[in-house]
Amino acid sequence: MNTTPSTPSLGFGIVGLGMIADFHARAIAETRGGHLVGVVGRSAEKAREFAERHGAPFWTTELSELLARPDLQVVCVTTPNGAHLGPAIAAARAGKHLVVEKPIEITLDRLDEVLRVVRETGVTLAPIFQGRFGEGARTVKAAVEAGRFGRLSLCSAYVKWLRTPDYYRNSWHGKYALDGGGVYMNQAIHGIDLLQWLAGMPTEVFAYATRCVHQDIEGEDTAAATLRFANGALGVIEASTACHPGWSRCIELCGENGSVRLEDDRITRWDFRERLPGDEVVVAAGATDALGSGAAAPNAISHDGHRRQIQDLIDALREKRPLAIDGPEARKAVALICALYDSAQRNAPVRV
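What counts as what
- Residues numbered from 1 in each chain as written.
- Predicted model: local features only at pLDDT ≥ 70, side-chain atom pairs only at ≥ 80, totals over all residues.
- Heavy atoms only, no water.
- Helix = DSSP H or I, 4+ residues; strand = E, 2+ residues; numbered from the N terminus.
- Buried < 20%, exposed > 50% of the residue type's maximum accessible area, 1.4 Å probe, protein only.
- Contact = heavy atoms within 4.5 Å.
- Areas by Shrake-Rupley, 256 points an atom, 1.4 Å probe, with all protein chains shown as cover.
- Pairing = 2+ DSSP bridges.
- Axes fitted to C-alpha atoms, helices over the stretch in contact; angles between N-to-C directions.
- Core = buried A, V, L, I, M, F, W, Y, C linked by side-chain atoms within 4.5 Å.

A. Up close: the overall build of the chain. Summing up its helical and strand segments, the chain has 12 helices and 14 strands in all. If one aligns the C-alpha atoms of the chain with their principal axes, the spans along those axes are about 55 × 50 × 40 Å. For the chain, buried positions account for 53% of its 352 residues. Counted over contacts in the chain with a minimum sequence separation of 6, partners at least 24 positions apart contribute 68%. In the form shown here, the chain has an accessible surface area of approximately 15300 Å², with 52% of it arising from carbon and sulfur atoms.

B. View of the sheet that holds strand S5 (residues 97-100). Taken together, the six strands give an open sheet; going across it, the order is S3-S2-S1-S4-S5-S6, and neighbouring strands pair in parallel fashion. The open sheet has two free edges, formed respectively by strand S3 (58-60) and strand S6 (125-127), since each of these has just one partner strand. This sheet shows a mean twist of 20° between the axes of neighbouring strands, independent of strand direction. Here strand S1 (residues 10-15) runs beside strand S2 (residues 34-40); their pairing, made up of six bridges, is parallel. Bridging from a neighbouring strand, Val-15 pairs with Val-40 of S2. Helix-sheet contacts for helix H2 (residues 44-53) involve S1, S2 and S3, and the interaxial angle to S3 is about 165°.

C. Here's a closer look at the pairing of strand S13 (residues 266-272). As defined by bridge partners, strand S12 (residues 258-263) adjoins S13 across six bridges and the pair is classed as antiparallel. Bridge pairing in S13 places Glu-263 opposite Arg-266. The antiparallel hairpin formed by S12 and S13 contains two residues in its connecting segment, where Asp-264 sits at a positive phi of about 50°.

D. View of the sheet that holds strand S7 (residues 152-160). If you walk across this open sheet you meet the eight strands as S13-S12-S11-S7-S10-S9-S8-S14, and the pairing is mixed. Looking along the sheet, the strands with just one partner apiece sit at the ends: S13 and strand S14 (350-351). Sheet strands in contact with helix H6 (residues 135-145) are strand S11 (250-255), S12 and S13, and its direction is about 20° off that of S13. Its contacts with the sheet place helix H12 (residues 327-346) against strand S8 (202-210), strand S9 (222-229), strand S10 (234-240) and S14, and it is angled at close to 60° to S8.

E. The environment of Pro-202, seen in detail. The residue Pro-202 is located in strand S8 in this model. The class for Pro-202 is buried, based on a relative accessible area of 3%. Note: C-alpha distance between Pro-202 and Asn-231 (29 residues apart in sequence) is 9.2 Å. Setting aside residues up to four positions removed in sequence, Pro-202 forms contacts with Leu-227, Arg-228, Phe-229, Leu-336 and Val-352.

F. Region of interest: the side chain of His-173. Looking at the element boundaries, His-173 is found in the loop between helix H7 (165-168) and helix H8 (176-179). Ignoring sequence-local partners within four residues, the contact set of His-173 consists of Tyr-167, Tyr-168, Asp-179 and Asn-186.

G. Here's a closer look at the nonpolar core. Among the nonpolar cores identified, the biggest contains 76 residues, and Leu-98, Tyr-184, Leu-195 and Leu-253 are the most heavily contacted of them. The element best represented in this core is H12, accounting for eight residues. Leaving out residues up to four positions away in the same chain, Leu-253 has contacts with Val-140, Val-144, Phe-149, Leu-152, Leu-154, Cys-155, Leu-195, Leu-198, Ala-199, Gly-258, Ser-259 and Val-260. Listed in part, the 24 residues of the second largest apolar core include Leu-10, Ile-14, Cys-76 and Ile-314.

H. Local environment of the pairing of S10. Across five bridges, S7 lies against S10 in parallel orientation. Looking at the pairing, Leu-154 lines up with Leu-234 of S10. Note: S9 against S10, seven bridges, orientation antiparallel. By the bridge assignment, Ala-223 is partnered in S10 with Ala-239. Here S9 hands over to S10 after four residues, with Gly-232 in that stretch at a positive phi of 100°.

Right, dumping it as C-alpha cells:
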C-alpha cells in the first residue's frame, strides 16, 4: 500500500464473511491507497478470526458499529446475492462508498432501489464484474470498438461448470430468496455480462431452465437460451453446474471479417481477415490468464480481478473520474438474466 500525505489511504470495511469476502480482503491489501479497517459477520467468533487473519483492527456483528467509524470510507458488501439491499442502502445513507458483489441485487426492483439511494446520497458504487478488467476481455473489446469484426453474425456465451452437492448442501446457493435462481444468476452472470458488454444487449431471448443433476435446489442447474441482437446477429447462452469436470467459460464473437474465442480471460482464437501489427502479440499472450477459472470450484479464481476493480474505485475517487463500470452498467446483466427467467417461465420469447 503506497500513500502520500496528499492522498491518504481509504479505509475499507467488509460486510458478510463468506468465501468471497476473503478475495476482497486480499485484494484491498494489495491496492495502492486502500486498507481494511473492519469487518461485520453474523458470528462473533468468525468475525474476530477473519479480522485477525487479514490484519483488520476492528470486528463486530453489528453493521451500525462499523458504519459509525470515521476512518471508514468504503464498504464492500459480500453477503448472499439477495441480501445486498439492506447493507448497501445503510452504508450509502451513512455516506460510505460501495463495492457490491455481483449481482447488485437479484430483482430489478431491488437493484433499482439501491441505485436510487446511491444517486440521492451521492456516494460511488462499484459493482463487481472483475471479468471486464482482464487483459483478454479488454483486448476483445478494443477489437469490437475498432470495427474489426465487421457485421457480427453469432455472439455466444458458454458456462459449462461443475458444482458438487456439498456446494449446495446447507447453503443459500440455489435458493430463490438469496441466490435469485440458479446457474443463470450466480455462475453464468459473469459470462452474460461479458457477452452483452462485447456484443451489446440482445433485444429478444428464448430461454429454458431445468434441474438435471442437483435435484435438491430450488433454482436451475442447467439452462440454455437463444438470443437475437439489434444488428441482426444471433447467439446462444449455455450454462450448467452439472458438467464434469468443468470447462473454462467461453465467449465467442463471430463476424464477417473475423472471429474470436475468449476462454476465461485467455484468447484462444484470434482470426481476422485482415492481419494487423500486434496480432501476433495477442496470439502469443493468449496462453496466459491472470484471473483464474471458477469452472470446477468457486474459490479457484484469483483475487487479482477484484484488486484491479477496487483499484479502479480508489483511483476514480482520487481523480474525480467515472468508474470503468458503474451501477447502471452492471444493471444490464441482471436485466438480461431476469428476461431469461421470464422466458423460461412463460416458455415463450421475451423482449429485453
